[in-house]
Amino acid sequence: MRGLLALQDADITRLREPERGYCIPGLSFTARELFDEIKLHYPNFEWTVELDENMDKFSRLWPDTLSLKEPYNDLNYEPRVGLREMVFKVIMAHKDRML
């Protein structure tokens, strides 16, 4: 959200990307990375994955990473939350709801 607001409020003369198009990076992770992080909180956590062949093909078309350079240089934007913090916050919020 911060990246979109930064883009909306940016001085147009500072926007150097073609057609003022920016990839706003945020949180990106694999299923394995997410499951490994959850296991830090719940060591007995187990999972199974059943891939849909068409969705798997589609997902492989996406880039593995987005450049941080352009949004930082032009919008002074960089992501603030990583996977570890996000998983912790979600687990704590879930625990609070269960009380």
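See the structure shown above.
All values reported here derive from a predicted model rather than from experimental measurement.

Colleague: Can you break down the overall build of the chain residue by residue, with the values?
Modeller: The helix and strand inventory of the chain stands at five helices and zero strands. Relative to its length of 99 residues, the chain is extended, with a C-alpha radius of gyration of 18 Å against a globular reference of 13 Å. On the principal axes, the C-alpha backbone points of the chain span a range of 55 × 40 × 20 Å. For the chain, buried positions account for 15% of its 99 residues. When the accessible area of the chain is evaluated, it comes to approximately 8500 Å², of which 55% is carbon and sulfur surface.

Colleague: Go over the pattern of salt bridges, please, and point to the residues and values.
Modeller: For the structure shown, the criterion picks out five salt bridges. Where Asp74 meets Arg16, a salt bridge forms, and the shortest distance between an N and an O atom there is 2.4 Å. One end of the pair, Asp74, is in helix H4 (residues 69-75); the other, Arg16, is in the loop between helix H1 (2-9) and helix H2 (31-41), with 58 residues separating them in the sequence. The salt bridge partner of Arg84 is Glu37, with a shortest N-O separation of 2.8 Å. Remark: Glu37 occurs in helix H2 and Arg84 occurs in helix H5 (residues 83-98); sequence separation between them is 47 residues.

Colleague: Account for the packing of aromatic side chains, naming residues and giving values.
Modeller: Considering all chains together, one arrives at four aromatic pairs under this definition. Taking 5.9 Å as the distance between ring centres and 50° as the angle between the ring planes, the aromatic pair formed by Phe35 and Phe45 counts as tilted. You can see Phe35 sitting in helix H2 and its partner Phe45 sitting in the loop between H2 and helix H3 (53-59), a full 10 residues away along the chain. Take Phe35: its relative accessible area is 16%, and that puts it in the buried class. We classify Phe45 as partly exposed; its relative accessible area is 26%. Among the aromatic side chains, those forming a connected cluster through ring pairs are Phe35, Phe45 and Trp47.

Colleague: Go over the side chain of Glu37 with me, naming the residues and quoting the values.
Modeller: In this structure Glu37 comes out as buried when scored by relative accessible area, which is 8%. The contacts of Glu37, once residues within four sequence positions are left out, are Leu83, Arg84 and Val87.

Colleague: Before we move on, can you summarise the layout of surface pockets with the specific residues and values?
Modeller: Taken as a whole, the largest pocket spans an internal volume of roughly 440 Å³. Around the largest pocket sit 17 residues that line it, and Ser28, Phe29, Pro63, Asp64 and Thr65 are the ones nearest its centre. Of the residues belonging to the lining of the largest pocket, the class tally is nine nonpolar, five polar and three charged.

Scoring rules and cut-offs
Residues numbered from 1 in each chain as written. Predicted model: local features only at pLDDT ≥ 70, side-chain atom pairs only at ≥ 80, totals over all residues. Heavy atoms only, no water. Helix = DSSP H or I, 4+ residues; strand = E, 2+ residues; numbered from the N terminus. Rg over C-alpha atoms; globule rule 2.2 N^0.38 Å. Buried < 20%, exposed > 50% of the residue type's maximum accessible area, 1.4 Å probe, protein only. Areas by Shrake-Rupley, 256 points an atom, 1.4 Å probe, with all protein chains shown as cover. Salt bridge = Lys/Arg side-chain N within 4 Å of Asp/Glu carboxyl O. Phe/Tyr/Trp six-rings, centres within 6.5 Å; stacked < 30°, edge-to-face > 60°. Contact = heavy atoms within 4.5 Å. 1 Å grid on protein atoms, 1.4 Å probe; cavity = no way out; pocket = protein on both sides within 12 Å on 5 of 7 lines; lining within 4 Å. Points joined across faces, edges and corners; volume = space filled by probe spheres on them. Nonpolar A, V, L, I, M, F, W, Y, C, P; charged D, E, K, R; others polar.

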